[in-house]
Amino acid sequence: MTELVGPAGVGKTELCMTVAAQALIDGHEHGAGVIYLDTEGSFRPSRFAELLQRALLHEGRSADPLAAKCAVLRPTSWEAFAALVGRIEDTLLRREARLIVIDSIAAPARAHFTRANLFERQEALHTQAALFKSLADAHRLVVLVTNQARARPSRAARPPRCHRA
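Note that this is a predicted model, so its numbers are computed, not measured.

Draft legend 1. Local environment of the overall build of the protein. Per the secondary structure count, the protein includes seven helices and five strands. Ordered by position from N to C terminus, the α and β elements of the protein give β-α-β-α-α-β-α-α-β-α-α-β. Expressed as a percentage of its 165 residues, the buried residues of the protein come to 39%. A sequence separation of at least 24 residues applies to 79% of the contacts in the protein between residues at least 6 apart. Total accessible area on the protein stands at roughly 10000 Å², and carbon and sulfur atoms take up 54% of it.

Draft legend 2. Structural context of the sheet that holds strand 5 (residues 142-148). Strand order in the open sheet made by the five strands is 1-5-4-2-3, with parallel pairing throughout. Only two strands of the sheet have a single neighbouring strand rather than two, namely strand 1 (2-6) and strand 3 (70-73). Mean inter-strand twist for the sheet, computed between neighbouring axes without regard to direction, equals 15 degrees. The pairing of strand 2 (residues 33-38) with strand 4 (residues 97-103) spans six bridges and is parallel. Of the residues in strand 4, the one forming a bridge with Ile35 is Ile100. In the packing of helix 5 (residues 88-95) onto the sheet, contacts are made with strand 2, strand 3 and strand 4, and the angle to strand 2 comes to roughly 145 degrees.

Draft legend 3. Molecular detail of the pairing of strand 5. Of all seven residues in strand 5, six are buried; the element is thus mostly enclosed. Two elements, strand 1 and strand 5, share five bridges in a ladder whose sense is parallel. If you follow Val5 over to strand 5, its bridge partner there is Asn147.

Draft legend 4. Region of the structure containing helix 2 (residues 45-56). With 12 residues, helix 2 extends 16 Å from end C-alpha to end C-alpha; this agrees with the ideal 16 Å at 1.5 Å per step. Looking at helix 2, one finds that the buried residues are Phe48, Leu51, Leu52 and Leu56. Axial view of helix 2: buried residues confined to an arc of 130 degrees, hence all on one face. Exposed side of helix 2, more than 90 degrees from the buried face: Ser46 and Arg54 are the residues found there. Looking at the buried side of helix 2, the elements it contacts are helix 1 (12-26), helix 3 (64-67) and strand 3.

Criteria and cut-off values
Residue indices begin from 1 for each chain and proceed along its sequence in written order. Given that the model is predicted, a residue must reach a pLDDT of at least 70 before its local features are reported, and side-chain atom pairs must reach 80 or more before they are shown or counted; all residues, however, enter totals for whole chains, interfaces and linings. To get the side-chain values, all heavy atoms of the structure are used, and hydrogens and water are removed first. Runs of H or I in DSSP of at least four residues are treated as helices and runs of E of at least two as strands, each being numbered from the N terminus. Residue exposure (1.4 Å probe, protein chains only): buried if accessible area is under 20% of the type maximum, exposed if over 50%, otherwise partly exposed. By definition in these notes, contact holds between two residues if any of their heavy atoms fall within 4.5 Å. For every accessible area listed, the method is Shrake-Rupley and the probe measures 1.4 Å; residues are considered covered only by the protein chains on display. Strands pair, by our definition, only if DSSP identifies at least two bridges between them. Throughout, an axis means a line fitted to C-alpha atoms (over the contacting stretch in the case of helices), and angles, computed between N-to-C directions, take values from 0 to 180 degrees. How far a helix is expected to stretch is found by multiplying one less than its residue total by 1.5 Å. The arc under discussion is defined with respect to the helix axis, by the directions toward the C-beta atoms.

If you want it as structure tokens, here you go:
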């Protein structure tokens, strides 16, 4: 299980789509699939097809059959995300998935849990992470998750203000 963390716009989704495309190419002889949980609506099928086609260019193969082995799931709420995660093992067995991508794992929780129940959010995310790690171990697959860094500098970390005398 690998977590990519960084601020918005640094290329986490692009890297996830590239890894997913390469996983399909590398596993095509065994029928290996990919499950891609797109929680922020950032997965672009046309871009994914372009990445696949570019990687296959030297082989002269079409990306279409491989692209069909990538199941893109788009939960729109914490409840939908939790329900998908609850059924993820069945989906990975049906798809013969060797890679699960969750882009982004914290987005549904951020939208659902308020600051007042931050502990509850952390517990829910910990439970999800533990499940994905156990699936990775049990099924010998790779789990790649993204998380958006949202740092708030503390007062102590801010540079001092200059005052005019």
